[in-house]
Amino acid sequence: EADQEPDDLTFCSLADACGKTGDVARAREMLALIQSGASERVQRMSYIALMQGYSVSRQPEMVLQVAEDAKRNGIELQEGGWCAIMDAFANVADPDRVLEAIDEMEESGMSANKVHWSLLVKAYCNFGDTSTGLGIVRDY
């Protein structure tokens with residue numbers, strides 16, 4: 001209804017849209033609006049949206065900084081956060097950092113799956129090493 005006030009999920013959806021288009025400043029604005037009082041799920045979603053924004057903007061170090069901010073605030077990012085980290089390094093053609101993220105994720109108790117391996121393939125292909133990327137596809 002037109003007279004309803006926006007809620008946490010409204011701001012989270014806006015942050016997600018901003019993040020996916022690389023509009024990091026607005027995604028950060030949305031995150032600030034929902035930080036206090038939002039459920040952990042909504043906070044997690046908004047952190048991941050911001051991480052995606054930095055990933056699209058090819059700023060992997062900022063993705064890591066947001067992940068640390070979330071951790072410091074008691075928010076576990078789970079698979080979506082790990083994917084955002086890996087995608088950020090894949091976007092800048094850094095397969096070694098994607099592998100490091102996979103190792104860290106596995107040390108935290110999660111198992112790598114085809115999404116994570118495909119991000120590694122993306123990193124190798126962006127790096128120009130398509131044969132290693134294809135080798136991963138064949139091995140998986």
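Residues numbered from 1 in each chain as written. Predicted model: local features only at pLDDT ≥ 70, side-chain atom pairs only at ≥ 80, totals over all residues. Heavy atoms only, no water.

Chemist: I would appreciate a short explanation of the nonpolar core in the present structure.
Modeler: One recurring pattern in soluble globular proteins is that nonpolar side chains are buried together. With 34 residues, the main nonpolar core has Tyr47, Leu50, Met51, Leu77, Ile85, Met86 and Val98 as its most contacted residues. For this core, the leading source of residues is helix α5 (residues 78-91), giving eight residues. (Core = buried A, V, L, I, M, F, W, Y, C linked by side-chain atoms within 4.5 Å. Buried < 20%, exposed > 50% of the residue type's maximum accessible area, 1.4 Å probe, protein only. Helix = DSSP H or I, 4+ residues; strand = E, 2+ residues; numbered from the N terminus.)

Chemist: Whenever I open this one, helix α4 (residues 60-72) confuses me. Can you help?
Modeler: Residue pairs spaced three or four apart in an α-helix point in one direction, given the helix's 3.6 residues per turn. The end-to-end C-alpha separation of α4 is 18 Å, in line with the 18 Å expected for 13 residues at 1.5 Å each. Within the sequence span of α4, burial applies to Pro60, Val63, Val66, Ala67, Asp69 and Ala70. Looking at the packing, one finds that the buried side of α4 touches α2 (24-34), α3 (40-56) and α5. In the segment just after α4, glycine 74 is the residue with positive phi, at about 80°. (Expected span 1.5 Å × (residues − 1). Contact = heavy atoms within 4.5 Å.)

Chemist: Is there a simple way to think about the environment of tyrosine 47 in this case?
Modeler: Residue position: tyrosine 47 is located in helix α3. Note on tyrosine 47: relative accessible area 3%, which makes it buried. Sequence separation of tyrosine 47 and valine 115 is 68 residues, and the distance between their C-alpha atoms is 20 Å.

Chemist: Help me understand helix α8 (residues 130-139) in this model?
Modeler: When we look at burial in α8, the residues that qualify are Gly133, Gly135 and Ile136. Viewed end-on, α8 has its buried residues packed into an arc of 155°, placing them on one side of the element. Residues Ser131, Val137 and Arg138 are exposed on α8 and point more than 90 degrees away from its buried face. Where α8 is buried, its residues touch α7 (114-127). (Arc of directions from axis to C-beta.)

Chemist: Just to check I follow, could you spell out unusual backbone geometry for this structure?
Modeler: When glycine is set aside, most residues are seen to have a negative phi, and most peptide bonds are trans. We note that glutamine 78 has phi near 60°; this positive angle belongs to a residue other than glycine. Relative to the helices and strands, glutamine 78 is located in helix α5.

Chemist: Honestly, the side chain of asparagine 91 in this entry has me stumped. Any pointers?
Modeler: Mapped onto the secondary structure, asparagine 91 falls in helix α5. Of the polar contacts made by the side chain of asparagine 91, one reaches the side chain of serine 55; its length is 3.1 Å. Beyond its immediate chain neighbours, meaning those up to four positions away, asparagine 91 contacts Ser55, Val56, Arg58, Lys122 and Asn126. (Polar contact = N/O pair within 3.5 Å; in protein donor to acceptor, adjacent residues only side chain to side chain.)

Chemist: What am I meant to see in the packing of α3 against α4 here?
Modeler: Packed helices, taken two at a time, are described by their axes: the angle between them and the distance between them. Where α3 meets α4, the axes come as close as 8 Å, and the angle between the chain directions of the two elements is 170°. Between α3 and α4, the angle falls in the class roughly antiparallel. In the crossing of α3 with α4, the sense of the turn from one axis to the other is right-handed. Residues Tyr47, Leu50, Met51, Tyr54 and Ser55 of α3 touch α4, and the partners they reach there are Met62, Val63, Val66, Ala67, Asp69 and Ala70. Among the residues making up the contact of α3 with α4, the classes are represented as nine nonpolar, one polar and one charged. (Axes fitted to C-alpha atoms, helices over the stretch in contact; angles between N-to-C directions. Parallel < 35°, antiparallel > 145°, perpendicular 65-115°, else oblique. Left-handed = near helix turned anticlockwise from the far one by under 90°. Nonpolar A, V, L, I, M, F, W, Y, C, P; charged D, E, K, R; others polar.)

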